Amino acid sequence: MDDPGSKIWDILTAVKNLKVIHLKRKNILRTLVSRAIAGKTDQWVQKADSHDTGSRTDKQILADKQIFISPGECLDGFNETRDREILFDRRFQHHDKIEVFYEDLTRHRAQELNRIQEFLGVDITPLSSGLVRQNPEPLSQLISNYSQLKKFFGDTQWSSFFQ
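This report concerns the structure included in the present document. None of the values given here were measured: they were computed from a predicted structure.

Each value, and the rule that gives it
- Residues numbered from 1 in each chain as written.
- Predicted model: local features only at pLDDT ≥ 70, side-chain atom pairs only at ≥ 80, totals over all residues.
- Heavy atoms only, no water.
- Salt bridge = Lys/Arg side-chain N within 4 Å of Asp/Glu carboxyl O.
- Helix = DSSP H or I, 4+ residues; strand = E, 2+ residues; numbered from the N terminus.
- 1 Å grid on protein atoms, 1.4 Å probe; cavity = no way out; pocket = protein on both sides within 12 Å on 5 of 7 lines; lining within 4 Å.
- Points joined across faces, edges and corners; volume = space filled by probe spheres on them.
- Nonpolar A, V, L, I, M, F, W, Y, C, P; charged D, E, K, R; others polar.
- Patch = residues over 30% accessible without salt bridge, like charges linked within 9 Å, V, L, I, M, F, W, Y side chains within 5 Å.
- Areas by Shrake-Rupley, 256 points an atom, 1.4 Å probe, with all protein chains shown as cover.

Turning our eyes to something else, we now look at the pattern of salt bridges. Under the counting rule described, the total for this entry stands at ten salt bridges. As a salt-bridge pair, D96 and K19 come within 3.4 Å of each other at their nearest N and O atoms. Residue D96 is located in strand β2 (residues 96-101), and its partner K19 is located in strand β1 (residues 19-24); the two are separated by 77 residues in the primary sequence. Three or more residues are tied together by salt bridges with common partners; here these are K24, D89, K97 and E99.

Next comes the structure, spelled out in structure tokens:
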């Protein structure tokens, strides 16, 4: 489904009464980091009850997760993500659509889930998840060359991702 040319997109856009929830991140750098760490650790989700770290210390866990992203890879990731967001918005411009930001969903969970349920036209019901945030650490701890990236993107449209 990640492939913008996939046939599934044609199938979905043909469903005229489809309600679309477009989940985005305000900080695209977090998306790139999460994806890279998941690829490195092969852990794509984390359940609340599976946070067993064994005998590893927090320092060892952080070292296992820490990644390097070159400025070029980072810029490509920013541009590709924005391009996909624009493509998605255009593709579903004639559909009933709601935009949800991950940051809002994690900070104001009940409010955002109520907003989504209202959009879907379902009864408002308290919802819960068994998943927990996998990478709550500051980006400066997760990216080995964070200072280099912050300097590189300092005077660009992407600088806010490094605050």
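Considered as a void within the structure, the largest pocket measures approximately 1,700 Å³ in volume. Residue lining of the largest pocket: 42 residues in total, with L23, R25, T31, R35 and Y102 positioned closest to the centre. Of all elements in the fold, only α1 (7-14), β1, α2 (28-41), α4 (71-91) and α5 (102-107) reach the threshold of two or more residues within the lining of the largest pocket. In terms of residue count, α4 provides more of the lining of the largest pocket than any other element does, eight residues in total. Here the lining of the largest pocket is built from residues that sort into 20 nonpolar, eleven polar and eleven charged.

Another aspect to go through is a nonpolar patch on the surface. There is a patch of nonpolar side chains on the surface, built from I21, L120 and V122 and spanning about 220 Å² of accessible area. Within the secondary structure, V122 sits in the loop between α6 (109-120) and α7 (139-142).

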